[in-house]
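Chain by chain, the residues:
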Amino acid sequence: MSAFDHQQQQQQLMRPDNVEEEEDEEDEEEEEDEQIQGEYNEEYYGSDVSNESGPETMPWIAWFCSLGGHQYFAEVADEFVEDDFNLTGLNSIVPFYKEALDMILDLEPEEDSTKVPDVSIVEASAEQLYGLIHQRFIVTRQGLQQMADKYQAGHFGSCPRTFCQSTNVVPCGRYDLPGVETVKLYCPNCQDIYSPPSSRYHNLDGAYFGTTFAHMLFHIYPELVPIIPNKIYAPAIYGFKISEYSRCGPRMQWLRNKQDPKSLDASGKLIKDSDDDEK
Amino acid sequence: MQTNLHSSGNPSQDMDDYTSGSDSDYTKYWIDWFLGTKGNEYFCEVDEEYILDRFNLTGLNTEVQYYSQALDLITDNLDENLDDEMRDIVEKSARHLYGLIHARFIITTHGLTKMLEKFKKCDFGRCPRVLCHNHPLLPVALSDVPYSKSVKLFCCRCEDIYNPKSSRHASIDGAYFGCSFPHMLFQVYPQLVPPKSTDRYVPRIFGFKLHDVAKQQRYQDMIREESHARIMAGIEGLPTTAAQGSSSGQQNNKNRAADGVAVATESGAMADVN
């Protein structure tokens, strides 16, 4: 996680003082989160100390997904976690793999696990392990279905771009290995990625969602892709568009220029255009 | 600075609204109180001389109800014997009037420098687009008519507009900033325009690019190259640029398009060149 911490430090360094107001706001949110988390923690530790098998205790996975800042997570099915084949290779990435897996599956820790120095370390491992299992789970049929439901319910927020008209977004990562970058949000309309607006997601690892999931979702459920008229912002002064030849004229309009893929040939040319040329 | 006499000019409910209320000096002036209120971080301080010059307010009397009282409140000259109900109405008008004056003020030389300071401090937030790497934003409107569209944020790196993060800012009227402001700022300070990048997000499934998206991106690349070629050709053909280039002797860099003079050509004129 050291790369992660470093990144966060850098972000903090780059942040000027005057965003305090926004931070205040987010701090309020975070305080709420912490309260909720505190309650859950008490409940969790309470059950840990006394009885594991009480009917009122939440399973670890459900508890984890209900924490503040974990709204993006789907609940991975127990059968998926229990199948060793699905976890291939994860034991070499996650420290205290076995203990972490036991924690996720609510199994009693073995008596001889005295080499574990602290519960909090296993908790961190469990979070990472769950995240990586989650990355694999959400590209399965069952996982996609769950995430599609969450998408339609708007659990991931909406695109900040004005002309996307609050299209719902999905979480995605730019890397599949943990500890590189935090989670980003992919908008299916402008096909671009954005930082989550709330700082509570700024320490959630992008690898827990992976590079594939967002695109797999819209590949399997094409009806989820919104149909919004393509609009490009044209800068103007007193109603006059700024000339391309101006030093500060528009240079990035290509970025939002979207065409229906059916009207383009494989080299990216407009099919209609070529017809006109022939005539 | 002539009107600091009416220190008790503000009604008591204003004091309640006032958030960071430790320093009582601020409440002396209505504008300072207004700027200190939460949610008004996007506004800059309009010079008193600008407000007092009636020429700058031409036409606003038809836009704002209780115009003269509202103006008195902004300049801290409001009669104190108003009843509370009336005061509330005037207060509301004053905010509206201040916003409309603000829209005019920020495209003046002095207004631009004030907003530039705020831009450098990132008072308007940062671009949410990942590939813009937290570039600072500027407020912009989609319509100059009041009560039509809320304020948006313009990123000069990706040249697109975004909704403000906080709902408090998202409810500010766009007409208090105007459609022209950010572009006027960059006309005056062209050195602030960041270098444009061709970076973009490439969606992948298990490492493989998506056919439909790749096709679109090739189309976008084509558009970009076409417009780049057009601009390069156009700059050479522009007489104003040639004159400038020879006079300053260092304008030969083709990547730096002509500034200033040939600025606001209408789109029709652009088509003519092509």
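Nothing here was measured: the structure is a model prediction, and the numbers come from that model.

Definitions and limits used
- Residues numbered from 1 in each chain as written.
- Chains lettered and ligands numbered in written order.
- Predicted model: local features only at pLDDT ≥ 70, side-chain atom pairs only at ≥ 80, totals over all residues.
- Heavy atoms only, no water.
- Helix = DSSP H or I, 4+ residues; strand = E, 2+ residues; numbered from the N terminus.
- Buried < 20%, exposed > 50% of the residue type's maximum accessible area, 1.4 Å probe, protein only.
- Contact = heavy atoms within 4.5 Å.
- Areas by Shrake-Rupley, 256 points an atom, 1.4 Å probe, with all protein chains shown as cover.
- Buried area = accessible area lost by both parts, 1.4 Å probe.
- Salt bridge = Lys/Arg side-chain N within 4 Å of Asp/Glu carboxyl O.
- Phe/Tyr/Trp six-rings, centres within 6.5 Å; stacked < 30°, edge-to-face > 60°.
- Pairing = 2+ DSSP bridges.
- pLDDT = per-residue confidence, 0-100.
- Axes fitted to C-alpha atoms, helices over the stretch in contact; angles between N-to-C directions.
- Disulfide = S-S within 2.5 Å.
- Parallel < 35°, antiparallel > 145°, perpendicular 65-115°, else oblique.
- Nonpolar A, V, L, I, M, F, W, Y, C, P; charged D, E, K, R; others polar.
- Lys, Arg positive; Asp, Glu negative; His and termini not counted.

(A) Here's a closer look at the overall build of chain B. When its secondary structure is counted, chain B shows twelve helices and five strands. Buried residues in chain B amount to 50% of all 274 residues. Sequence separation of 24 or more characterises 58% of the internal contacts of chain B that already satisfy a separation of 6 or more. Here chain B displays about 13,400 Å² of accessible surface, and carbon together with sulfur accounts for 50% of that area.

(B) Region of the structure containing the interface of chain A and chain B. Chain A puts 62 residues into the contact, and the matching count from chain B is 74 residues. Carbon and sulfur atoms make up 58% of the surface buried where chain A meets chain B, a total of about 6,600 Å² over both sides. Of all residues in chain A, Tyr245, Arg247 and Trp254 of chain A give up the largest surface area on contact with chain B, accounting jointly for 15% of the area buried on that side. Counting across the chain A and chain B interface gives four salt bridges. For aspartate 192 of chain A, the salt bridge identified is with arginine 129 of chain B, shortest N-O distance 2.5 Å. Only helix H2 (20-49), strand S2 (184-187), strand S3 (192-194), helix H8 (213-220), strand S4 (236-237) and strand S5 (240-241) of chain A provide two or more residues apiece to the side of chain A that touches chain B. Looking at the side of chain A that touches chain B, the element that brings in the most residues is H2 of chain A, giving five residues.

(C) A look at the packing of aromatic side chains. All names here are of chain A. One pass over the structure, following the stated rule, counts 29 aromatic pairs over all chains. A ring pair is formed by phenylalanine 64 and phenylalanine 73, whose centres lie 5.4 Å apart and whose planes are at 55 degrees; its orientation type is tilted. Each residue in the set Trp60, Trp63, Phe64, Tyr72, Phe73, Tyr130, Phe156, Tyr201, Tyr208 and Phe209 is aromatic and connected to the rest through ring pairs, giving one cluster.

(D) How the structure looks around the pairing of S2 of chain A. Residue and element names in this part refer to chain A. Residue alternation in S2 divides its side chains into two sets, Lys184 and Tyr186 and Leu185 and Cys187, and both sets are buried. Here three bridges tie strand S1 (residues 170-172) to S2, and the two strands are oriented antiparallel to one another. Of the residues in S2, the one forming a bridge with valine 170 is tyrosine 186. Where S2 lies against S3, three bridges are found, and the strand directions are antiparallel. For leucine 185, the partnering residue across the bridge sits in S3 and is tyrosine 194.

(E) The confidence of the model for chain B, seen in detail. Residues and elements named next belong to chain B. Mean pLDDT over chain B stands at 81; residues scoring 70 or higher make up 77%. The weakest mean pLDDT in chain B belongs to helix H12 (residues 267-273) at 35; the strongest belongs to strand S2 (residues 152-155) at 97. Segment residues 1-26 is flagged for pLDDT under 50; beyond a separation of four residues in sequence, or across chains, it makes 34 contacts in the model. Confidence over residues 241-274 falls short of pLDDT 50; this stretch has 45 contacts with residues more than four positions distant or in other chains. With pTM at 0.77, the complex prediction returns an ipTM value of 0.76.

(F) Representation of the sheet that holds S2 of chain B within the structure. All names here are of chain B. Overall, antiparallel pairing links the three strands, which are arranged S1-S2-S3 in an open sheet. A strand with exactly one partner marks an edge of an open sheet, and here the two such strands are strand S1 (137-140) and strand S3 (160-162). When the angles between neighbouring strand axes are averaged without regard to direction, this sheet yields 40 degrees. Inspection of the sheet shows S1 paired to S2 by four bridges, in the antiparallel sense. Following the sheet pairing, leucine 137 is matched in S2 by cysteine 155.

(G) Layout of the state of the cysteines. Tallying each qualifying case throughout the model produces zero disulfides over all chains. Just so you know, cysteine 159 of chain A is unpaired, no disulfide at all, and the nearest cysteine sulfur is the one on cysteine 187 of chain A, 3.6 Å from it. No disulfide involves cysteine 122 of chain B; its sulfur sits 11 Å from that of cysteine 156 of chain B, the nearest cysteine.

(H) The arrangement of the environment of asparagine 86 of chain A in detail. All names here are of chain A. On the secondary structure map, asparagine 86 appears in the loop between helix H4 (78-82) and helix H5 (97-104). The class of asparagine 86 is buried, set by a relative accessible area of 17%. Sequence separation of asparagine 86 and glycine 143 is 57 residues, and the distance between their C-alpha atoms is 13 Å. Ignoring any residue separated from it by four or fewer positions in sequence, one finds asparagine 86 in contact with Phe80 and Arg136.

(I) Region of the structure containing unusual backbone geometry. Backbone geometry at aspartate 106 of chain A places phi at a positive 55 degrees, although glycine is not the residue there. In this structure, cysteine 122 of chain B is a non-glycine residue whose phi angle is positive, near 60 degrees. Structurally, cysteine 122 of chain B can be placed in the loop between helix H7 (109-120) and S1.

(J) Main features of the packing of H5 of chain A against helix H6 (residues 119-137) of chain A. Residues and elements named next belong to chain A. Packing of H5 against H6 leaves a shortest axis separation of 8 Å and a crossing angle of 75 degrees. What the angle tells us is that H5 and H6 run roughly perpendicular. Here Tyr97, Glu99, Ala100, Leu101, Met103 and Ile104 of H5 lie close against H6, whose contacting residues are Val119, Val122, Glu123, Ser125, Ala126, Leu129, Tyr130 and Ile133. Among the residues making up the contact of H5 with H6, the classes are represented as eleven nonpolar, one polar and two charged.

(K) Molecular detail of the side chain of serine 93 of chain B. All names here are of chain B. Along the chain, serine 93 falls in helix H6 (residues 84-105). Note on serine 93: relative accessible area 7%, which makes it buried. Filtering out sequence-adjacent residues up to four positions away, serine 93 remains in contact with Val64, Gln65, Tyr66 and Ala70.

(L) Main features of the side chain of lysine 215 of chain B. By secondary structure assignment, the location of lysine 215 of chain B is in helix H10 (residues 211-237). Of the buried charged residues, lysine 215 of chain B lacks a salt bridge, with aspartate 212 of chain B as the closest side chain of opposite charge at 4.4 Å. Aside from chain neighbours lying at most four places away, what touches lysine 215 of chain B is Pro261, Leu264, Asp265, Ala266 and Gly268 of chain A.

(M) View of the pattern of salt bridges. Using the criterion set out here, one finds twelve salt bridges over all chains in the structure. Where aspartate 160 of chain B meets arginine 256 of chain A, a salt bridge forms, and the shortest distance between an N and an O atom there is 2.6 Å. Here aspartate 160 of chain B, found in strand S3, pairs with arginine 256 of chain A, found in the loop between S5 and helix H9 (271-278), and the two come from separate chains. Looking at aspartate 160 of chain B, the relative accessible area reads 1%, which means it is buried. When salt bridges that share partners are traced, they join Arg161, Asp192 and Arg256 of chain A together with Arg129 and Asp160 of chain B into one network.

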